[in-house]
Each structure stands twice: as structure tokens, then as C-alpha cells.
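Notes for the structure review
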Amino acid sequence: MAVIHHTTLQPTKLDLLTSWLPSRAWYRGSGDPELTRSGGFRLDDPRGAVGIEFIVVTDAAGPDPTSYLVPLTYRGAPLDGAEHALVGTMEHGVLGRRWAYDGCHDPVMVAQLLALTAGRVQAQHQDVTDTPDREVTRSSAGAGPPSSAGEAVVATDDRDSTALTLGDGAFLRLHRVLTPAPDGPPAPPPGATGHIAGAWTMPDTTRARGLFAVLHTGSRPT
């Protein structure tokens, strides 16, 4: 169980993301973000060593505010071979120095996200220890996602998302640019074999729901 420490962070997560987001292929803004935290959830690392947080941030810098899904992992030491995925370092008031990574390149995050899709673990509240997040929903059909796929993931960004190639023709598409579902609960697209959906707060303070990730266990479309 991850323990949520209400303490200081220097720099803050929003500070790190303000510098990092403009370098992403899926960033829609002008390069000078004005970020607010709009939602998210956490997952537990079974070994208790890695913090896993999915943050929704909204950028109000442009004429059309855009919400982004950013999974981060927090580690007490650098992750070998992941220098390209480092978002930055922070000084945590309780845990000391923390290395923050784009979670799509961290095998611990990928493994737990697949476990969430399969229903093997439960999403946790972003700010409260040992409290499930009931707004996060999931589905899995057929054989479901492979449990060990996170060990050999390849992450590829495009204009809207990050595709996690899992092997055996399976891939998980993480929606980076979030779109509210128009009517009713978010539904996965045709051909999907699993999904994760969640909620976030819109700039007008209304609560939106949409797809966070979609699993395909067949071949990836070109």
C-alpha cells in the first residue's frame, strides 16, 4: 500500500511538467503552459519501492484549454537505461531526493496498468492513503492483457497518445490528450479488448469522464 505524504516538494510536480510538456509530440500548446491539476489516481507497486501516479493536468495557456494524462513514477534512485524518460528530480520533505519518470517507460508502471485493466488491482485515490478511486473503471475481454508484458515494453508517442507495444501483437494505447465522452459512460472503440476510463475537472468546474487507455490484443494498426 502506498502511503501519501502531505509534505513539501521542490520543485513541485507542476513545475516539472511545465518544463517537460512542451517537448512532447502530443503537446498542443504554444510552449509556455499554464497548468492546473485536474484529476488523476494512483496505483500501488507490490514491492512498495516505486510511486505510481496518473496526473491529469489542464493547460489554460491557449484559446482552447487542453487536458493531458501524464503517468509518473517516483523512484529513490535513477532507473537504469531510462535517462530519456526522466521528467526531473524533486526534493521530497519525507523521502528525500526523488527521480520522476514518464511512466510509459517504466516497467513497474506498465505492469500495474495492465493489472488494473485485467482487474487484478484497484485504482487508488490520488491524495488519500488506502482509499480506492471509484471513478476509475476498467474492462477486459477474452484472455486479457499479458501479466508480464511490462518487462519489455516499447513506448511510441504520436499526436494524441502513447502506444505501448507489449509483444505477441498486443498494445496498449494511452490517451494523452483527453476527450470527454459525449453521452453516458466512456466506451472502448470497436476491436478493443480492454479499457480504462476516469474522470477529471473541466475548466468550468464540471466533471468530465473519458477514456484513459485502450487495450488491443491483436496486431497493431498502421
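Residues numbered from 1 in each chain as written. Predicted model: local features only at pLDDT ≥ 70, side-chain atom pairs only at ≥ 80, totals over all residues. Heavy atoms only, no water.

1. Description of helix α1 (residues 13-20)
To keep things clear, this is the line we draw: Only protein chains enter the accessibility calculation, which uses a 1.4 Å probe. A residue is then buried if its area is under 20% of the maximum for its type, exposed if over 50%, and partly exposed in between. We count a stretch as a helix when DSSP gives it H or I for four or more residues in a row; a strand needs E for two or more, and each element gets its number in order from the N terminus. This arc is built from the directions going out from the helix axis to the C-beta atoms. Every residue pair with non-hydrogen atoms within 4.5 Å of one another is taken to be in contact.
Taken as a whole, α1 has its buried residues at Lys13, Leu16, Leu17 and Trp20. Buried residues of α1, seen end-on, are gathered within an arc of 95° and therefore sit on one face of the element. Elements in contact with the buried residues of α1: β1 (9-10), β2 (35-43), β3 (51-59), β4 (66-75), β5 (86-92) and β6 (96-102).

2. Things to note about helix α2 (residues 107-118)
Within an α-helix, residues lying three or four positions from one another point in the same direction, as the helix has 3.6 residues per turn. Spelled out, the test is: By definition here, a helix of n residues has an expected span of 1.5 Å times n minus one.
The terminal C-alpha atoms of α2, which comprises 12 residues, lie 17 Å apart, in line with the 16 Å expected from a rise of 1.5 Å per residue. Among all positions of α2, only Met109, Val110, Gln112, Leu113, Leu114, Ala115, Leu116 and Thr117 are buried. Glycine 119 sits one or two positions beyond α2 and adopts a positive phi of about 85°.

3. As for the packing of aromatic side chains
Stated formally: Pairing of aromatic rings covers Phe, Tyr and Trp, the last through its six-membered ring, and needs centres within 6.5 Å; plane angles under 30 degrees mean stacked, over 60 mean edge-to-face, and all others mean tilted.
If you walk through the whole model with that rule in mind, you get 6 aromatic pairs. Both rings, one in tryptophan 20 and one in tryptophan 26, keep their centres 6.0 Å apart while their planes meet at 65°; by these two values the pair is edge-to-face. Look at tryptophan 20 and you get buried, because its relative accessible area is 7%. Aromatic pair phenylalanine 41 and phenylalanine 212: ring centres 6.2 Å apart, planes at 5°, arrangement stacked. Of this pair, phenylalanine 41 sits in strand β2 while phenylalanine 212 is found in strand β12 (residues 207-216), placing the two residues 171 residues apart along the sequence. For the residue pair phenylalanine 41 and phenylalanine 212, the accessibility class agrees, reading buried in each case. Among the aromatic side chains, those forming a connected cluster through ring pairs are Trp20, Trp26, Tyr27 and Tyr68.

4. As for the pattern of salt bridges
Put simply, the rule is: Whenever a carboxyl oxygen of Asp or Glu lies within 4 Å of a side-chain nitrogen of Lys or Arg, that contact is scored as a salt bridge.
Applying the stated criterion across every chain yields a total of 9 salt bridges. As a salt-bridge pair, glutamate 53 and lysine 13 come within 2.7 Å of each other at their nearest N and O atoms. With glutamate 53 in strand β3 and lysine 13 in helix α1, the pair connects residues that are 40 residues apart, well separated along the chain. Through salt bridges with shared partners, a single ionic network connects Lys13, Arg42 and Glu53.

5. Section: the environment of threonine 206
What counts is decided by this rule: What qualifies as a polar contact is a pair of N or O atoms within 3.5 Å, subject to a donor-acceptor requirement within protein and to the restriction that residues adjacent in sequence count only when both atoms come from side chains.
Tracing the sequence through the fold places threonine 206 in the loop between β11 (194-201) and β12. Among all residues touching threonine 206, those that are not within four sequence positions of it are Trp200 and Thr201. In terms of polar contacts, threonine 206 uses its side chain to reach the side chain of aspartate 204, at 2.6 Å.

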